[in-house]
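Topology and contacts: notes
Each chain, letter by letter, is given below.
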Amino acid sequence: MGNMMKAYVIHSNGQIEALDLADGATEALHVAVSEDIDEIPFTSDARFLVDPWAKFKALNPNTVANEIY
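Along every chain, residues carry numbers that run from 1 in the direction the sequence is written. Totals for whole chains, interfaces and linings use every residue, but because this is a predicted model, local features are given only for residues with pLDDT of at least 70 and side-chain atom pairs only at 80 or more, for both listing and counting. Neither water nor hydrogens contribute to the side-chain values; these are computed over all heavy atoms in the structure.

Let's talk about the environment of Met 5
Just so we agree on the cut-off: To qualify as a helix, a DSSP run of H or I must reach at least 4 residues; to qualify as a strand, a run of E must reach at least 2; elements of each kind are numbered from the N terminus.
For Met 5, the location among the structural elements is in strand 1 (residues 4-10). Residues Met 5 and Leu 19, 14 residues apart in the sequence, show an inter-C-alpha distance of 8.2 Å.

Some remarks on a nonpolar patch on the surface
To keep it simple, the criterion reads: Nonpolar side chains (Val, Leu, Ile, Met, Phe, Trp, Tyr) within 5 Å and like charges within 9 Å form the patches, drawn only from residues with over 30% relative accessible area and no salt bridge. Accessibility throughout is a Shrake-Rupley quantity obtained with a 1.4 Å probe, and a residue counts as covered only by protein chains that appear here. What makes a salt bridge here is a side-chain nitrogen of Lys or Arg within 4 Å of a carboxyl oxygen of Asp or Glu, nothing more. Per-residue accessibility, obtained with a 1.4 Å probe over protein chains only, is compared with the maximum for each type, and a residue is labelled buried under 20%, exposed over 50%, and partly exposed between these values.
Together, Tyr 8, Ile 16, Phe 42, Ile 68 and Tyr 69 line one region of the surface with nonpolar side chains, adding up to about 540 Å² of accessible area. Summarising the element assignment, Tyr 8 is placed in strand 1. We classify Tyr 8 as exposed; its relative accessible area is 54%.

Brief notes about the packing of aromatic side chains
For any pair of aromatic rings, the description rests on two quantities: the centre-to-centre distance and the angle between the ring planes. Defined as follows: Centres within 6.5 Å make a pair out of two Phe, Tyr or Trp rings, where for Trp the six-membered ring is used; the pair is then stacked when the planes are under 30 degrees apart, edge-to-face when over 60, and tilted otherwise.
A complete count under the given rule lists three aromatic pairs for this structure. Their ring planes at 75 degrees and their centres at 4.9 Å tell us that Phe 42 and Phe 48 sit as a pair that is edge-to-face. Judged by its relative accessible area of 37%, Phe 42 falls in the partly exposed class. Residue classification places Phe 48 among the buried positions, given a relative accessible area of 14%. With centroids separated by 5.1 Å and ring planes inclined at 85 degrees, the aromatic side chains of Phe 48 and Tyr 69 adopt a geometry described as edge-to-face.

A word on the pairing of strand 3 (residues 38-43)
Put simply, the rule is: If DSSP finds at least two bridges between two strands, the strands pair.
Bridge analysis of strand 3 against strand 4 (residues 46-50) gives five bridges, and the strand direction is antiparallel. The partner of Glu 39 across the bridge, within strand 4, is Leu 49. Between strand 3 and the antiparallel strand that follows it, strand 4, lie two residues.

Below is the structure:
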């Protein structure tokens with residue numbers, strides 16, 4: 001059994017969804033965020049994964065994620 005990584009999807013409606021991912025299993029993140037993911041450093045062992053094209057997709061601003069960051 002490989003290492004597990006914890007991922008939190010912060011939805012624009014404020015809902016936070018916890019995902020357990022095996023090492024290297026980023027497919028769930030690609031589905032949750034989008035096919036395009038940029039990493040933004042957060043802490044020494046945490047990163048924000050964001051959709052760099054969200055502004056152009058007419059998505060609602062994610063004020064919860066912005067406030068956490």
